[in-house]
Amino acid sequence: MDETVAEFIKRTILKIPMTEMMTILKAWDFLPENQLQTVNFRQRKESLVQDLVLLCESKRASLRDAALLDIIYTQFHRHQKVWDVFQMSKEPGEDVDLFDMERFKSSFEKILRRALKNVTVSFRDAEENAVWIRIAWGTQYRKPNQYKPVYVVYYSQTPYAFTSFCHLKSNTPLLSQALTVASNHHKIVKMDLRSRYLDSLKAIVFKQYNQKFETHNSTMPLQETLELDMHMDSRIIHENRIEKERVQRVTQETFGDYPQPRLEFAQYKLETKFKSDFHGGILAERKEPLRCLIKFSSPHLLEALKSLAPAGIADAPLSPLLTCIPNKGMNYFKIRDK
Amino acid sequence: MEWANDKSKGGVLAHLERLETQMSRSCKNLEDPPRETAESDLGTKIHKLRCLRDKLRAEVKQRQARIKASTANAEPDQTLEISEQEAVGGKEENMKAILQAYRFTGLSGKRTSRGVCVCISTAFEGNLLDSYFVDLVIQKPLRIHHHSVPVFIPLEEISAKYLQTNIQHFLFCLCEYLNAYAGRKYQADQLQRDFAAFLAGPLQRNSLCNLLSFTYKVEPQGRSFPFCARLLYKDLTTTLPTDVTITYQGTDASSTSWEEQRASHENLFFTKPLHQVFTSFARNGERLDMSLVS
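Residues numbered from 1 in each chain as written. Chains lettered and ligands numbered in written order. Predicted model: local features only at pLDDT ≥ 70, side-chain atom pairs only at ≥ 80, totals over all residues. Heavy atoms only, no water.

The cut-off we apply is this: UniProt positions are given in the numbering used here, feature names are shortened, and annotations may be inferred rather than shown by experiment.
Naming follows an unreviewed UniProt entry, where chain B appears as Centromere protein O of Acinonyx jubatus. Regarding chain B, the relevant UniProt record gives this comment under Sequence similarities (unreviewed entry): "Belongs to the CENP-O/MCM21 family."

As annotated in an unreviewed UniProt entry, chain A carries the name Centromere protein N isoform X1 and is attributed to Acinonyx jubatus.

As structure tokens, this is what we get:
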């Protein structure tokens, strides 16, 4: 086994937390069950890793096997990457998309290899007819860097692809081209949507975040929660009851009853002229637009926005610039004068 | 602010004192004469209110007595009311059950505060499959608020064509696509689940289940070489393939018997749902076994 491959496997296994070690190794399915049982999983991590690497050597693990382990690790720790979303489109009136996963994979790899000899491409099928692609980029003269790969997650017969953030922007056009051609699309555009939470991004662009529907089988619990508060203690009088109820109603109409998809920030780039009621202010005369950047950050931005009006911090309804985020599928905005 | 600066008169506190004495003097002038009249006015008012209260109390007592008397006679009326209520309640339960059962027609809906929530319940060969929802907002223009249609179903295309002009057609078209998708998915799932023994490798499929590629044997014991099947469903509103390609990779590929089998398989896949094709393979296998035994 190549030394670089051994080192790569060693570093990958070292990243795996002990609690997940067995699960990930089983998912990898490279070391058989009986061999894994011979390893002492209670020893210190460094020694355990050494034992495992020796086993991999004895089984002649290749770069391909190592890349697969890396994909599995990333699938378990997808939040460690920041994901962008690309949207593809077809010409109108095109034939039905007969997506063949094997053809997609070979076409994708072929396009990359044609442009760049030094590249490692690996695939792992995932649930819901999706595929995880791992790409380690090299250059014309340098071998691929296995420690800075890019991941692409693509659900077949959809126009969206999710890619992990890549420091090397120069390879993005090639990646975009490979994706577009291999998936039978014509154009590709990067969306203004970015987050660590891949599943939330999927929920937003696939429009799966609101899955509450009124049926005759279920009963809608309408103002229940508000009334409960009212009856908590009869000695408490709610002075602004009507206003509070209005705020609750408006918040529910805007944000719904469902758990919000998880985003960490929303960014607004303003390039607008200063608007003021006072004439003769310093900024009023300024002809150039002001440029400023406003960023809202939160561990769970949309839930935080949802709680602003009920907490009394903001007026309801909130600005549409904030509430349109999941609907428009954007969390980067550029606001200019019309 | 002139008084504050008027030091000759003693400053702010002195001024306030003067205002106070002025006030009390003027109050005394106003108070004394009207006090007595105000008191007597209040006294008469109190007396009037007391009389009114007593009158109302008496009336209430009378009414209560009347009601008690009438309820003693009115019991049979009450029981009639109760049975009517039960009848209405029963009808309501019945209605609710009927509305819930509408799901089985495949297309049902419920009014919402902003419009209607349509439920498309898919089925294939008498098996009830997944339900999909489209929540419509009744406004001009008609729009979809949210839905549970999978992203690979061309909902935008269908709604762009029909939603504004012909909502019936929109719903029927969407029903067609979803039912066909559900049927294809059902067939592929059945093949993977119930006939895995016949498959020589994994079943390749895609999101729409409109391209299936697999290698299969006619007998699970596998004495023969496998056939490779490639099924294309170019029409997304159907559950049977539009293109079928069967290839045989055995060494005696040229022999007529295998060619016959291949052709007959192709025909089977064109005309029957997947799982039925494999059921017939299984049955033929059983017949063969029986013939060997006898």
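Don't stop here, the text continues.
## Quick word on the overall build of chain A
Counted only if it meets this: Secondary structure elements follow DSSP: runs of H or I no shorter than four residues count as helices, runs of E no shorter than two count as strands, and numbering proceeds from the N terminus. The globule rule used here is 2.2 Å times the number of residues to the 0.38 power, and the radius of gyration it is set against is calculated over C-alpha atoms. Exposure categories follow from relative accessible area, calculated using a 1.4 Å probe and restricted to protein chains: below 20% of the type maximum is buried, above 50% is exposed, and the middle band is partly exposed.
A tally of regular secondary structure across chain A gives 13 helices and nine strands. Its C-alpha atoms give chain A a radius of gyration of 26 Å, more than 25% over the compact-globule value 20 Å for 338 residues. Dimensions along the principal axes, computed over C-alpha positions, put chain A at roughly 75 × 55 × 50 Å. Here chain A, with 338 residues, has 41% of them falling under the buried criterion.

## Description of the domain arrangement of chain A
Residue and element names in this part refer to chain A. Filter applied, for reference: Note that the domain bounds were set by an automatic or database domain assignment. Residues count as neighbours in contact if any of their non-hydrogen atoms are within 4.5 Å of one another. The term buried area refers to how much accessible surface (probe radius 1.4 Å) is lost by two components on association, counted for both of them together. For salt bridges, the criterion is a side-chain nitrogen of Lys or Arg within 4 Å of an Asp or Glu carboxyl oxygen.
By domain assignment, chain A separates into domain 1 (3-77), domain 2 (83-196) and domain 3 (243-336). Spacing between the C-alpha centres of domain 2 and domain 3 amounts to 33 Å. Taken together, the contact between domain 2 and domain 3 spans six residues of the former and eight residues of the latter. Ranking the residues of domain 2 by area buried against domain 3 places Asp192, Leu193 and Arg194 at the top, with a combined share of 70%. Our enumeration of links across domain 2 and domain 3 arrives at zero salt bridges.

## Thoughts on the sheet that holds strand β1 (residues 83-89) of chain A
All names here are of chain A. Heads up, the rule is: Pairing between two strands requires that DSSP report at least two bridges joining them. Lines fitted to the C-alpha atoms define the axes, with helices restricted to the stretch that makes contact. Angles between their N-to-C directions range from 0 to 180 degrees.
Read from one edge to the other, the open sheet built from six strands follows the order β2-β3-β4-β5-β1-β6, with strand pairing classed as antiparallel. A single partner strand is all that each edge strand has here, and the edge strands are β2 (119-126) and β6 (187-195). Strand-to-strand, the axes of this sheet are offset by a mean angle of 25°, without reference to chain direction. Each of β2, β3 (130-137) and β4 (150-155) is contacted by helix α5 (residues 63-76), which is oriented at about 55° to β2, the strand it contacts most.

## What to know about the interface of chain B and chain A
Formally: Definition of a polar contact: a pair of N or O atoms within 3.5 Å, with one able to donate and the other able to accept a hydrogen when the atoms are protein atoms, and with sequence-neighbouring residues admitted only if both atoms are side-chain atoms. Any residue that is not Ala, Val, Leu, Ile, Met, Phe, Trp, Tyr, Cys, Pro, Asp, Glu, Lys or Arg is counted as polar, Gly included; the first ten are nonpolar and the last four charged.
Chain B puts 29 residues into the contact, and the matching count from chain A is 23 residues. The junction of chain B with chain A conceals about 2400 Å² of combined surface from both sides, 55% of it contributed by carbon and sulfur atoms. For the chain B face of the interface with chain A, the top three residues by lost area are B:Lys110, B:His146 and B:Val151, together amounting to 23%. At the junction of chain B with chain A, the criterion picks out two salt bridges. A salt bridge links A:Glu214 to B:Lys110; its shortest N-O distance comes to 3.2 Å. Where chain B touches chain A, the interface holds 13 residue pairs in polar contact (both at pLDDT 80 or more). Those elements giving two or more residues to the side of chain B that touches chain A turn out to be α2 (75-101), β1 (107-111), β3 (127-137), β4 (143-147) and β6 (227-232) of chain B. Here the residues of the side of chain B that touches chain A are counted per class, giving ten nonpolar, twelve polar and seven charged.

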